[in-house]
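The chain contents come next:
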Amino acid sequence: MPADSRLLVARIGKPHGLRGEVTVQTHTDDPEARFAPGVSYATEAAPGSGVPRSLTLRTARLHQKVWLLGFEEIPDRTGAESLRGTRLFIDAEAAAEAATDEDDAWYEDELVGLAAVDPSGTALGEVTGLRTGAVQDQLVLRLTGGAEALVPFVEAIVPEVDVEGGRVVVDAPPGLLELNAD
């Protein structure tokens, strides 16, 4: 599948247990739908790692707020160790067809590169990432001065996301951008 038709769903972390399960860092707003047994993912791994070009999900479960995935092609811990750092992708068209009609759901690749402006239109910086969390997600901004700031991705603080217009409006309370700046 061409790179521009893929959506990043997760990045594989360390093995868990002896039966080939791995921890994952999720990059999706709907892990319950994306982590359904039988789903096949395209993979992106380090050259020469031996990771298959696709993996089929065997099991998915939430364990202490961490997703654990098992794959048909990976029967044990040794195989699971080889997956560390592998990124899992799904086809964007298939995901769009399966998506609900939520108006407030975006993928990280839609947000990265958008200009961040305040409600008056003054430039604040640029969106460089999205950190997903158990309670809420955070936009990662590179401020105009070069610092990085984390902004809670909630409607009260980010009231407008205009992907076609190339911008997000950030109505940050006083001190938020400075407080969360790295």
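Residues numbered from 1 in each chain as written. Predicted model: local features only at pLDDT ≥ 70, side-chain atom pairs only at ≥ 80, totals over all residues. Heavy atoms only, no water.

Draft legend 1. Geometry of the overall build of the protein chain. Per the secondary structure count, the protein chain includes five helices and twelve strands. Burial status across the protein chain gives 37% buried among its 182 residues. Long-range pairs, those at least 24 residues apart, make up 48% of the contacts in the protein chain between residues at least 6 apart in sequence. Of the roughly 10,200 Å² of accessible surface on the protein chain, 49% is carried by carbon and sulfur atoms. (Helix = DSSP H or I, 4+ residues; strand = E, 2+ residues; numbered from the N terminus. Buried < 20%, exposed > 50% of the residue type's maximum accessible area, 1.4 Å probe, protein only. Contact = heavy atoms within 4.5 Å. Areas by Shrake-Rupley, 256 points an atom, 1.4 Å probe, with all protein chains shown as cover.)

Draft legend 2. Seen up close, the packing of aromatic side chains. Evaluation of the coordinates by the stated rule reveals two aromatic pairs. Centre to centre, the rings of F35 and W67 are 5.3 Å apart; their planes meet at 65°, and the pair counts as edge-to-face. Placement of F35 in the loop between helix 1 (31-34) and strand 3 (40-44) and of W67 in strand 5 (residues 66-71) is noted, with a sequence separation of 32 residues between them. Like F35, the residue W67 is buried in the burial classification. Look at Y41 and F71: their rings are 6.5 Å apart centre to centre, the planes differ by 90°, and that puts the pair in the edge-to-face class. Linking Y41 in strand 3 with F71 in strand 5, this pair joins segments that are 30 residues apart in sequence. Each member of the pair Y41 and F71 is classed as buried. Its end group placed over the ring of F89, R6 keeps NZ or CZ at 3.7 Å from the ring centre. (Phe/Tyr/Trp six-rings, centres within 6.5 Å; stacked < 30°, edge-to-face > 60°. Lys NZ or Arg CZ within 6 Å of the ring centre and 35° of its normal.)

Draft legend 3. The arrangement of the pattern of salt bridges in detail. For the structure on display, the rule yields seven salt bridges. The closest approach of N and O atoms between R61 and E21, which form a salt bridge, is 2.8 Å. You can see R61 sitting in strand 4 (residues 54-63) and its partner E21 sitting in strand 2 (residues 21-26), a full 40 residues away along the chain. A salt bridge links E126 to R142; its shortest N-O distance comes to 3.0 Å. Of this pair, E126 sits in strand 8 (residues 123-131) while R142 sits in strand 9 (residues 138-143), and the two are 16 residues apart along the sequence. Several salt bridges converge on common partners, so that one network encompasses R6, E44 and R87. (Salt bridge = Lys/Arg side-chain N within 4 Å of Asp/Glu carboxyl O.)

Draft legend 4. A look at the sheet that holds strand 4. With respect to topology, six strands assemble into a closed barrel ordered 1-2-5-4-3-6, the strand pairing being antiparallel. Taking the axes of each pair of neighbouring strands and ignoring which way they run, one obtains an average angle of 50° across the sheet. (Pairing = 2+ DSSP bridges. Axes fitted to C-alpha atoms, helices over the stretch in contact; angles between N-to-C directions.)

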